[in-house]
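Residues per chain, in single letters:
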Amino acid sequence: MSIWGAVAVTALGCYAVKLVGLLVPAGALEKPLVRRLAALLPVALLAALTAQQTFGDGQAPALDARAAGVAAAAVALVLRAPFLLVVAAAVVVTAGVRAMGG
Amino acid sequence: MAEQRTLSELRADGGKPDAVVVRDALGVGVAVGLSGFAFGVTSAGSGLTLVQTCALSLLVFTGASQFALVGALAAGGGALTAAAGAFFLGVRNAFYGLRLSQLLSLTRAVRPFAAQWVIDETAAVALAQPTRRSARIGFVVTGLSLYVLWNLTTLLGALGAEAIGDTDAWGLDAAGPAVFLALLAPMLKSATERAVAGLAALLGLGLLPVLPAGVSVLVAALAAPLVLWAEGRRRGDGTDVREGER
């Protein structure tokens, strides 16, 4: 399969799962357990993605300047900084640590 | 974001003024939309053409999957394997849709069009709103601003990939996790959410070397049912599963 094939399969697949979520009958959410689970799944997915993209380099664990950048973002979040400032803090600190040879 | 509004901005009916919702939504839409620049640069640097890079942002429009796909292709993975990893990452959007369809109460005719905007950021903004009206405004403003900017900055990033050189030197690879963390933080309301997040982060890191990237994230999502199950056991009969504090 070519790169275009990968682009097409990914686009179709990703659109399909988005649509399926919207089309599932609302009744499926009336049970408290299902509601609770649906609310907690994004928490789990976002936490795993944050961890992997901070401490992972491809398939290998890695500790580099990104850890300092994301820590700066965490501090900004605790200080209730606006979203853009949180992301900017991560980028600037990561670049700064790298520039200093970290 | 939402926590910043002062008491005087809160309406008596528990709703939020539209302007505050729009401001919060634009804050997310603009910040994440601008990070499309990082995707454009990364994708072009991975050997995809300008048209392929822009097609991904226009048609896939879910950042984690896009980054996963070009990363896997750059690493020499097969096209089908790369697409599978990206698809597995995108499966989480179905769970956002599950909650959004009820919250936004969309008509059947609108759903195929709204579907493309069902992503981390629109779900996070919409689900954080106290009323249906503000959830709808949050979803549309976040979706529109993010879609337009994400595609525009993808194009600019792909064009500027050669000019900027090493994107990691600019710290742009930290933008992704910072965005995820900023979306996650307001969700950590109780000990249950924090337990799920902690366990998922550990599983995600622990499984990273042994499973394909997209798959390890999905397995880490099992932290949610695991913590719920443990909570039910601790409570004894397991009948009283607490509802969200919305």
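- By the naming in an unreviewed UniProt entry, chain B goes by Branched-chain amino acid ABC transporter permease and is assigned to Streptomyces regalis.
- A UniProt comment under Subcellular location (unreviewed entry) is attached to chain B, and it reads "Cell membrane".
- Of the comments in the UniProt record for chain B, the one headed Sequence similarities (unreviewed entry) reads "Belongs to the AzlC family."

- Looking at an unreviewed UniProt entry, chain A carries the name Branched-chain amino acid transporter AzlD, with the source organism given as Streptomyces regalis.

**Quick notes on the overall build of chain B**
1) Next: When helices and strands are tallied, chain B shows 13 helices and zero strands.
2) Next: N-terminal to C-terminal, the α/β element order of chain B is α-α-α-α-α-α-α-α-α-α-α-α-α.
3) Next: Per-residue burial over chain B gives 53% buried out of 246 residues.
4) Next: Expressed as a percentage of contacts within chain B between residues at least 6 apart in sequence, the contacts between residues at least 24 apart total 68%.

**A word on the overall build of chain A**
1) Next: Scanning chain A for helices and strands turns up four helices and two strands.
2) Next: The N-to-C order of helical and strand elements in chain A reads α-α-β-β-α-α.
3) Next: Buried residues in chain A amount to 46% of all 102 residues.

**Comments concerning the UniProt feature "transmembrane region" (unreviewed entry) in chain B**
All names here are of chain B.
1) Next: If you check UniProt for "transmembrane region" (unreviewed entry), the listed places come out as residues 21-41, 67-91, 137-158, 170-188 and 195-228 in our numbering.
2) Next: Helix makes up 100% of residues 137-158 and strand 0%, and the two end C-alpha atoms of the span are 31 Å apart.
3) Next: Taken end to end, residues 170-188 has its terminal C-alpha atoms 30 Å apart, with 53% of it in helix and 0% in strand.

**Some words on the nonpolar core**
1) Next: A44, A48, A73 and V87 of chain A together with A200 of chain B are the most contacted members of the largest nonpolar core, which has 115 residues in total.
2) Next: Looking at this core, the element that brings in the most residues is helix α2 (residues 32-55) of chain A, giving 13 residues.

**Observations regarding the interface of chain A and chain B**
1) Next: Taken residue by residue, the interface counts 69 residues in chain A and 87 residues in chain B.
2) Next: Breaking the side of chain A that touches chain B down by element, the ones donating at least two residues are α1 (3-23), α2, β2 (60-61), α3 (65-78) and α4 (83-99) of chain A.
3) Next: For the side of chain A that touches chain B, the element with the most residues is α2 of chain A, which contributes 23 residues.

**Things to note about helix α1 (residues 18-34) of chain B**
1) Next: Here α1 of chain B spans 24 Å end to end across 17 residues, near enough to the 24 Å set by a 1.5 Å rise per residue.
2) Next: The set of residues buried in α1 of chain B consists of V21, D24, A25, G27, V28, G29, A31, V32, G33 and L34 of chain B.

Conventions and cut-offs
Residues numbered from 1 in each chain as written. Chains lettered and ligands numbered in written order. Predicted model: local features only at pLDDT ≥ 70, side-chain atom pairs only at ≥ 80, totals over all residues. UniProt positions renumbered as here; feature names shortened; annotations may be inferred. Helix = DSSP H or I, 4+ residues; strand = E, 2+ residues; numbered from the N terminus. Buried ≥ 20, exposed ≤ 12 C-beta atoms within 10 Å, placed from the backbone. Contact = placed C-beta atoms within 7 Å. Core = buried A, V, L, I, M, F, W, Y, C linked by C-beta atoms within 7 Å. Expected span 1.5 Å × (residues − 1).

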